[in-house]
Every structure is written in structure tokens, then in C-alpha cells.
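# Report on the structure
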Amino acid sequence: MKQLHALITMALLSLVMNINAQEARLVKLTNSNGMEAIVSNYGARLVSLTAHNWNGRLEPVVKGYNQLEAYKQDSTLGATLIYIGKEHTETLSSKVWEVVSSDNQSVSLRYITTEGENNLNGKLNATVTYTLSDQNALDIDYRITTTAPTTLQVTNGICFNLSGDMHRSILKQHLWIDTHYTNKLDKEQFPTNELQKTRLTPFDFTQPREIGERIKATINGYYHAFQLRHPDNMQKPAAILFDAQSGRAMTIYSSEPTLLVNTHGAQSSGITLQPLHAGYNSGMEKVDNSLQPGQVFHGATVFLFTTDPPLIMKTK
């Protein structure tokens, strides 16, 4: 498995360096426990991440490609996704970002749009920082400013499979979400702030359930936004994903009040868990996703990996 991961890493290095010989880079992050993350400045994306299984073996836990053409066809996979304006334009996932700083465990990337890019009157200055901590957590921190008023939605395109085999189904993996409501999506698949109760529906994950337990009752798998019960508290987990076979658990913490869950169909081998700046805060006030000149948008997401799952996720 280590030899396979080394070959994948070499392929990825070749992949990204060929995007633009002068600008494109890969940065490898390693924590004190041996976990590795590889970040590309093509789309400010996570292209690889390993985590330990129950007996200490490191295996991949996110989907990625080793061919550039595949990322051109699927540009959102693993990328930093910034949707701008009323049209929800998203193009930065196919841009080469500047690497502002990097060390063994952290990398910061920045992209500044040109005047009029993405139909924005002014300029957008976006920075994302990936940190692989010694607590076995991948931290993602976003900071964005603008020179012209705009609406903004920021998230990630990371697709997880905790089994260690990116071709294995995730339908036996267990999911818990801290929510009693879904947030209805509009025709462009963005939250409308119209809440619907999850109780007695296939979307009730207030108790851990296998993802595949009721997925056939959905139209084409899960693609639903969940309003979190503790939207202003990053000390409270937003969701937990658990794979009993590998023993891996991943706990998600977010500064955002909504979590978009996408299984990419009903016969799935991957799941994205995307925090969104939408829905309602703890005072049940609608979240404002507009950004004005002089303001700084700040968002944070933490994916914490353990092999000692929280009590709520332990199965008999």
C-alpha cells in the first residue's frame, strides 16, 4: 500500500507540474503521525489525503485523479469553490492560484480576480489555507474581500470514502448529522431558506444510519442541504461519518449553519460534505451571504480523523 501511495504521489506531482511549468505546484503536508495531504494550486484543491485505519495503516480517504484532463472535465473535485453573484458563477476551480506560503503542515493560496472577471464589477481577493494538524485534522480556512458588492457562497469539492478503497461503495458507512431540518433547494441547487422537517423521512440522520439504508427512497441519492442545530458553535460537530470495516471516523466541524450532503447518486463510492453560508443562525435569523467592500468573509471547516469513533457512532 505504501508503494502504491508513492506511485500515486509521483503521478500527481507529474500531473500538476504539467499544468503550467512556471506557476503550477503541488505542496505535500505531513503531520507528526505520518498523515499526508497533497494540495494543488490548480483550483486550490486537495488532491490526496491519507488517514490511519484501525490497525494503523495509512490509506487514501479522498477521491482524486492522476490525469490533468480528468480535472478539466471534473474541475470541482477537491477544489475550493467560490460562487459569485446572482448567477452563482464559479470559475476559480480551473485557475492557477498563487502559493503565498507553505511549510511542512500548512499552505496558503491566493487568487485575485481581474476587473470584471466572473461578471463582478470590482475585484475579489480570496485566500484559502490548508493545515494538517498533529491532532489528525485537516483544517480549511477561508478569507475573502471584495472591492464591489456581491453575493458569495464558499465551500469545498472534497469527495470522501473512508474505506481506503475509492472504488468501494460507501452505502455501508454510517452518517450522523446534527439537524432536524433540510433546507429546500432552488432550481440552481442553492438553499432557499425554506425548512422542512426530517423526522419520518429518508433524510433523518439524527441517529447514525447506514447511508444506503433508505437511499432508494430518494430520487437519485442524497443531494440535500441540512440546517445545523448549533450553527454558531464550532465546538459542536456538524456531522460524523464512520466506516466500521476500517475503523475510521471523520468528524466535521464548521463555522457555517448549513451542510450540503451529496452522495453523487444512489450507487455511490463517495460523499461530499460541504458547509454553506446559508440558512439560519442560532437566533433563527436568516444568514446574509452578501459581501461588501471593507468586509472580510471568514469561514472555517475541520475534518477530524480518529479510529476511536464517538460513542454515538459505535455499532454493536
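Residues numbered from 1 in each chain as written. Predicted model: local features only at pLDDT ≥ 70, side-chain atom pairs only at ≥ 80, totals over all residues. Heavy atoms only, no water.

## Some points on the pairing of strand β18 (residues 258–262)
A large share of β18 lies buried, amounting to five of its five residues. Along β18, one buried face is formed by T258, L260 and N262 and the opposite face, lined by L259 and V261, is buried too. In terms of strand pairing, strand β15 (residues 223–228) meets β18 through five bridges, oriented antiparallel. Residue pairing in the sheet places F226 in a bridge with L259 of β18. The sheet contact formed by β18 and strand β19 (residues 272–276) spans five bridges and is antiparallel. Residue pairing in the sheet places L259 in a bridge with P275 of β19. (Buried < 20%, exposed > 50% of the residue type's maximum accessible area, 1.4 Å probe, protein only. Helix = DSSP H or I, 4+ residues; strand = E, 2+ residues; numbered from the N terminus. Pairing = 2+ DSSP bridges.)

## Considerations on the packing of aromatic side chains
If you walk through the whole model with that rule in mind, you get six aromatic pairs. An angle of 75° between the planes, with centres 5.2 Å apart, marks the rings of Y65 and Y71 as edge-to-face. Judged by relative accessible area, Y65 falls into the partly exposed class, the value being 29%. A centroid spacing of 4.9 Å and a plane angle of 50° characterise the contact between F160 and F303, whose relative ring orientation is tilted. Within this pair, whereas F160 is found in the loop between β10 (150–156) and β11 (174–177), its partner F303 is found in strand β21 (residues 297–306), the two being separated by 143 residues in sequence. The exposure class of F160 is buried, given its relative accessible area of 0%. According to the relative accessible area criterion, F303 is buried, its value standing at 0%. Ring-pair connections join several aromatic residues into one group, and the members of that group are F203, F205 and Y222. Residue placement shows R214 over the ring face of F205; its charged tip is 5.9 Å from the ring centre. (Phe/Tyr/Trp six-rings, centres within 6.5 Å; stacked < 30°, edge-to-face > 60°. Lys NZ or Arg CZ within 6 Å of the ring centre and 35° of its normal.)

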